[in-house]
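Results of the structural survey
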Amino acid sequence: MKTSPLKIYDTTLRDGTQGEGIALSVTEKLLITERLDQFGVDYIEGGFPGSNLRDINFFAEVEKLKLRHARIAAFGSTRRAGVAADQDAQLKVLLDAGTPVVTIVGKTWMMHVLEILRTTAEENLAMIEESVRHLVANGREVVYDAEHFFDGYKDNPDYALKTLTAAKRGGAANLTLCDTNGGTMLDDFRDTVVRVVREFGGENVGVHCHNDSGLGVAVSLAGVAAGATLVQGTVNGYGERTGNANLMTVLPNLFLKMGRTAFCRANLGQLRELSHYFDELANQRPNPKEPYVGASAFAHKGGLHANAAQKVARSYEHIDPAAVGNRTRVLVSDMAGRSSVVMKARELGFDINEQTPAVKGVLEELKRLEFEGYEFEAADASLKLLLARRLKVHTPAFEFEGFRVIIERRGPESSLVAEATVKVKVNGKSMHTVAECVGPISALDKALRLALERAHPSIKDTALSDYKVRILDSRRGTNSRTRVLIETSDHGEMWGTVGVSDNVIEASWEALCDSFEYKLLREEEKKRAAGKKTGDA
Ligand SMILES: [Zn+2]
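Residues numbered from 1 in each chain as written. Predicted model: local features only at pLDDT ≥ 70, side-chain atom pairs only at ≥ 80, totals over all residues. Heavy atoms only, no water.

**Focus on helix α10 (residues 247-257)**
Within α10, nine of the eleven residues are buried, which leaves the element mostly enclosed by the surrounding structure. Residues of α10 that are buried sit in contact with β1 (7-10), α1 (26-39), α9 (216-225), β8 (230-233) and α11 (271-281). For α10, the side-chain oxygen to backbone nitrogen distance between the N-cap and Met248 is 2.8 Å, and the N-cap itself is Asn246. (Buried < 20%, exposed > 50% of the residue type's maximum accessible area, 1.4 Å probe, protein only. Helix = DSSP H or I, 4+ residues; strand = E, 2+ residues; numbered from the N terminus. Contact = heavy atoms within 4.5 Å. Polar contact = N/O pair within 3.5 Å; in protein donor to acceptor, adjacent residues only side chain to side chain.)

**Remarks on the packing of aromatic side chains**
Enumeration according to the criterion identifies twelve aromatic pairs in this entry. Between Phe403 and Trp509, the ring centres sit 4.9 Å apart and the planes meet at 40°, which makes this aromatic pair tilted. Within this pair, whereas Phe403 is found in strand β11 (residues 398-409), its partner Trp509 is found in helix α17 (residues 504-536), the two being separated by 106 residues in sequence. A relative accessible area of 29% places Phe403 in the partly exposed class. Since its relative accessible area comes to 5%, Trp509 is described here as buried. Taken together, the ring pairs in this structure connect Phe149, Phe150, Tyr153 and Phe189 into an aromatic cluster. Across the ring face of Phe75, the terminal group of Arg14 is positioned such that the distance to the ring centre comes to 3.5 Å. (Phe/Tyr/Trp six-rings, centres within 6.5 Å; stacked < 30°, edge-to-face > 60°. Lys NZ or Arg CZ within 6 Å of the ring centre and 35° of its normal.)

**Some details on the sheet that holds strand β15 (residues 482-489)**
Strand order across the open sheet formed by three strands is β14-β15-β16, with antiparallel pairing between neighbours. The outermost strands of the open sheet, each flanked by one partner alone, are β14 (463-471) and β16 (494-501). If you compare each strand with its neighbour and ignore which way they point, the axes differ by 20° on average. (Pairing = 2+ DSSP bridges. Axes fitted to C-alpha atoms, helices over the stretch in contact; angles between N-to-C directions.)

**Details of the coordination of the zinc ion**
Around the zinc ion, the protein supplies Asp15 (OD), His208 (NE2) and His210 (NE2) as donor atoms, at distances of 2.0 to 2.2 Å. As a motif over one chain, the donors of the zinc ion read D-x192-H-x1-H. Of this pair, Asp15 sits in the loop between β1 and α1 while His208 sits in strand β7 (residues 205-209), placing them 193 residues apart in sequence. The same class applies to Asp15 as to His208, namely buried. (Donors = N, O, S within 2.8 Å, 3.2 Å for Na, K, Ca; no water.)

**A word on the sheet that holds β8**
Hydrogen bonds between backbone groups are what pair the strands of a sheet, and the pairing can be parallel or antiparallel. Read around the closed barrel, eight strands run β1-β2-β3-β4-β5-β6-β7-β8, paired in parallel fashion. The mean inter-strand angle of the sheet, taken between neighbouring strand axes irrespective of direction, is 25°. Across four bridges, strand β2 (residues 43-47) lies against strand β3 (residues 71-77) in parallel orientation. Along β3, the bridge assignment pairs Ile44 with Ile72. Across the sheet, helix α3 (residues 89-96) touches β3 and β4 (101-107), and the angle it forms with β3 is around 170°.

In structure tokens, the structure reads:
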């Protein structure tokens, strides 16, 4: 049976921002809107204009964006009890938002009608129908979010269905069934959706699920299997409490496993990028364990797995990682044998095999470094430099001679200043530079740049994008060893480097040097590749 395309409804900017630790400015919300539109979701719920000024500003600005496909929705609730729809302040704010779509939430569950709204069953139905009708009469496409639908249906199925009938009579384009508390189990969920689809037809039924029972994705898929055709969710599953249904998992499951499609199907290969883009803007650490898009989703550790995955990817991978924009990673760790090291080296572009004499030395050095606290899983660039040095295919672009950092406060009123002095030899010439900054690491970064930029202007293109400090043995208190991971980017690439020391400044210095050295190694490689091309021609 051929199924029609699904509608994907993103509520990251509304429900997703209810999550702990997620706060987005208007500009960030606009950037995410553009990105979601590029990706091809059908609806983008922008916020709750009745709740705060920021969302009102967002709707004023979002009108100016030239979106290619997505329709913007403003979110609110049904009119208040006892107030005519055209007199209701909140519905007016929703219309003022000027969006093509308005999504309103209404009560399904009698307990909420009587105890929270403190109104009657009849008035609640009138509130739903009249609110929808008023919005439709003003030219809006209305998505009706049936709050606590599954709990309400369990308690009183007839009334629950009546609320949907009211919304439909009002002219709602879609009836979305919400598992607001996220407590519904799979069988109940599916049976309920089957019933609603039977009564109302699947073409205008949607699902909106939360992850409180760890089933946000599962029940969303069950809803689609039962006939729903619109799926709500958020990027990376952000949302209040344990979050909403994670679209980064829902979408590949629908498209790759269940044979369903939607407008954004063509862009599934950008899924990982979308996931990371959101994390970056929302200042969240990407979850490496996130299905499909996480850094560990296709990472193989240990000789046997890595070896098999390399030969036939399908042997240890449920999909081709490229389908969601991810890739297979071989992890080099102290579990690794010769073959993993060789595979990793080949992945990083070195032409070696198990018989290459340097491999033994590399393996020994890796084991020693990992024992000291180095970790290369997020520091491919440091690993690549280590290999390049060992295999003697790269001469360091600069030599370390010394550094000094002074931190001082020049009086009770003045602010803290860090001054770094760096001495390095570049192309045989000693460079001695000084820089001041608020923090010691940025001061070192600045001083080292000054020393390198004249001989290597491309250093100017790089920027530090992330800096992480990890205390390795916290039981040793201030004597603990420290691992620093630095992420650097230029206009097209991003790379990680690592440093370990008893002193956080020294660990940072080590990671910093590697990050610049890596940039220069890449330049060298690009030049070599370009030379080869002209040579061949
Ligand atoms: Zn919700």
